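# Remarks on the overall topology
Residue-level listing of the chains:
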Amino acid sequence: MTPRVAVGQRSETVRRANLSAIVRELHLRGPLSRSDLVALTGLTRSAIRGLIGELVAAGLVREERSAPAGTPGRPSPLVRPDADDTVVLAVEVNIDSLAAAVVGFGGTVHELVRVDRPRAHLSLDEIVSDLVDIVAPLRSRHALDDELLGIGVAVAGIVRRTDGLVRLAPNLGWRDEPLGARLAAALRLPAPVHVANEADLGGLAEQRRGAAVGIDSLLYVMGEVGVGGNLMIDGQPVVGAAGYAGEIGHLPVNPSGAPCGCGSVGCWETEIGERAMLVHAGRPATGGREAVAQLLAAAAAGEREALAGLAHVGGWLGIGLAGLINVLNPSLVVLGGLFEQIHPFVAPQLAEVLERRALPASRELARIVPGTMGVDGPLLGAAEHAFEPMLADPAARLSMLRARRPVLASA
């Protein structure tokens, strides 16, 4: 027998869903008129008017004229996300840099700081201490102690999303490190910490702000020292039983290949990662981003050795993509990080390999494009990750603001 749902409970559920639809459209599209929101959400004008009133009263959005005074007719008011008072903190732990950004509702980046650091296996305590130092000036300049929705963290490793435990980050030298808990304790900010894999978040950024906007079936492949991926089906990320899905860099592709930092042999990243590209181009494996920039410049000038390194990566990249396209059937493949940079050099080779190795039916549907978010993609994806709880249930945010209102009034 189907349990009965009280009318009040059902109407509250509908209200929460409607608020979420409005807030998500404003966050992803920016300022919209009430008429736009009616068209995008399918809600009635009266419903939009009432829900927008709630959001305005809570300070989440502002309404303003959509046309100058004196314009004929009655223009629909423009609803604008409040990017100043509704913010998140995004943090990234990369192999050769640390970064932090303050991002407002609607995707406005208020400030972004990236600090290069030597490539070395640094302890969790050292990384957290450095992050606290990087965040400190942002904290004071943007009053993060007063209003903060959440803290999103991107890290180059396999993450247990329930508590931010980094199970394995071979290129950082980490195993079972409690990054989420340690960072929350060190920052002492009034907001939850959400930790996820950098490739997952890079894919999220491309879907919401970059090359994959409007795409529901997406494969994102990101390369740096390591290689990671993100798969979305029907607009939803495929994260696996514990959030570990997407570790495509550790697909075993070459039984006679090189040892991988994960402990296996012949993983995909040993053939297409930064180190492999540099070595096959006759450069030191540990040259880092500067060596990559020099290699790309040499390739653009026609240097044979540089082009050979890119050809090696392009061939193996095509082989792995052929298998993934055959299995996953995405409509779009976005190449991020290192692969975004080398795409102009390897695009013809990728097309040739896929022509030979991918199933025609799947290959014909899958476009392969470079990403548009650049080096900051995972960081901006971390901001989107931190916004997600509010986008999913803005009513909870409204309730919290109402509860705090007497305290704010007496402060």
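Below is a short write-up of the structure.

The rules behind these values
- Residues numbered from 1 in each chain as written.
- Predicted model: local features only at pLDDT ≥ 70, side-chain atom pairs only at ≥ 80, totals over all residues.
- Heavy atoms only, no water.
- Helix = DSSP H or I, 4+ residues; strand = E, 2+ residues; numbered from the N terminus.
- Buried < 20%, exposed > 50% of the residue type's maximum accessible area, 1.4 Å probe, protein only.
- Polar contact = N/O pair within 3.5 Å; in protein donor to acceptor, adjacent residues only side chain to side chain.
- Contact = heavy atoms within 4.5 Å.
- Salt bridge = Lys/Arg side-chain N within 4 Å of Asp/Glu carboxyl O.
- Pairing = 2+ DSSP bridges.
- Axes fitted to C-alpha atoms, helices over the stretch in contact; angles between N-to-C directions.
- Parallel < 35°, antiparallel > 145°, perpendicular 65-115°, else oblique.
- Left-handed = near helix turned anticlockwise from the far one by under 90°.
- Nonpolar A, V, L, I, M, F, W, Y, C, P; charged D, E, K, R; others polar.

### Description of the side chain of serine 97
As for its position among the elements, serine 97 is in strand 5 (residues 97-104). Owing to a relative accessible area of 1%, serine 97 belongs among the buried residues under this scheme. A distance of 2.9 Å separates a polar atom in the side chain of serine 97 from a polar atom in the side chain of arginine 114. In contact with serine 97, not counting residues within four places along its chain, are Glu92, Arg114, Val115, Asp116, Arg117 and Arg289.

### Quick word on the pattern of salt bridges
Per the counting criterion, the structure on display carries 24 salt bridges. In this structure, arginine 208 engages glutamate 384 in a salt bridge whose closest nitrogen and oxygen atoms are separated by 2.9 Å. With arginine 208 in helix 6 (residues 198-209) and glutamate 384 in helix 13 (residues 377-392), this pair connects stretches of sequence that are 176 residues apart. The exposure class of arginine 208 is buried, given its relative accessible area of 13%. On the basis of relative accessible area, glutamate 384 is assigned to the buried category, the value being 3%. Glutamate 303 is paired through a salt bridge with arginine 283; the nearest N and O atoms lie 3.3 Å apart. Here glutamate 303, found in the loop between helix 9 (288-300) and helix 10 (304-328), pairs with arginine 283, found in the loop between helix 8 (274-280) and helix 9; they are 20 residues apart in sequence, far enough to count as distant. Within the structure, one salt-bridge network assembled from shared partners comprises Glu12, Arg15, Arg16, Glu54 and Asp393.

### Considerations on the sheet that holds strand 1 (residues 32-33)
As summarised here, the arrangement of the 3 strands in space is 1-3-2, forming an open sheet in which the pairing is antiparallel. Since the sheet does not close on itself, it has two edges, and those belong to strand 1 and strand 2 (61-64), each with one partner. Pairing of strand 2 with strand 3 (residues 78-81) involves 4 bridges; the strand directions are antiparallel. Across the sheet, valine 61 pairs through a bridge with proline 81, a residue of strand 3. Those strands touched by helix 3 (residues 45-57) are strand 2 and strand 3, and its axis lies near 115° from that of strand 2.

### A short note on the sheet that holds strand 12 (residues 218-223)
What the 5 strands build is an open sheet, ordered 14-13-12-15-16; its pairing is mixed. Each edge of the open sheet is held by one strand with a lone partner, namely strand 14 (236-237) and strand 16 (367-370). When strand 12 meets strand 13 (residues 227-233), the two strands line up antiparallel, connected through 6 bridges. Each bridged residue has a counterpart across the sheet, and for glycine 223 the counterpart in strand 13 is valine 227. Along the sheet face, helix 10 touches strand 12, strand 13, strand 15 (332-337) and strand 16 and points at about 140° away from the line of strand 15.

### Examining the packing of helix 10 against helix 11 (residues 338-357)
Relative orientation of the contacting elements helix 10 and helix 11 amounts to 55°, with a least axis distance of 8 Å. Here helix 10 lies oblique to helix 11, going by the angle between them. Crossing angle aside, the handedness with which helix 10 passes helix 11 is right-handed. Residue-level contacts link Leu310, Ala311, Val313, Gly314, Gly315, Leu317, Gly318, Ile319, Leu321, Ala322, Ile325 and Asn326 of helix 10 to Phe339, Ile342, Phe345, Val346, Gln349, Leu350, Val353, Leu354 and Arg357 of helix 11. Split by residue class, the contact of helix 10 with helix 11 holds 15 nonpolar, 5 polar and 1 charged.

### Some remarks on the pairing of strand 10 (residues 174-177)
Of the pairings in the sheet, the one linking strand 9 (residues 165-169) to strand 10 comprises 3 bridges and is antiparallel in character. Note on strand 10: the bridge partner recorded for alanine 169 is tryptophan 174. Linking strand 9 back to strand 10 in an antiparallel pair, the connection comprises 4 residues, with glycine 173 at a positive phi of about 80°.

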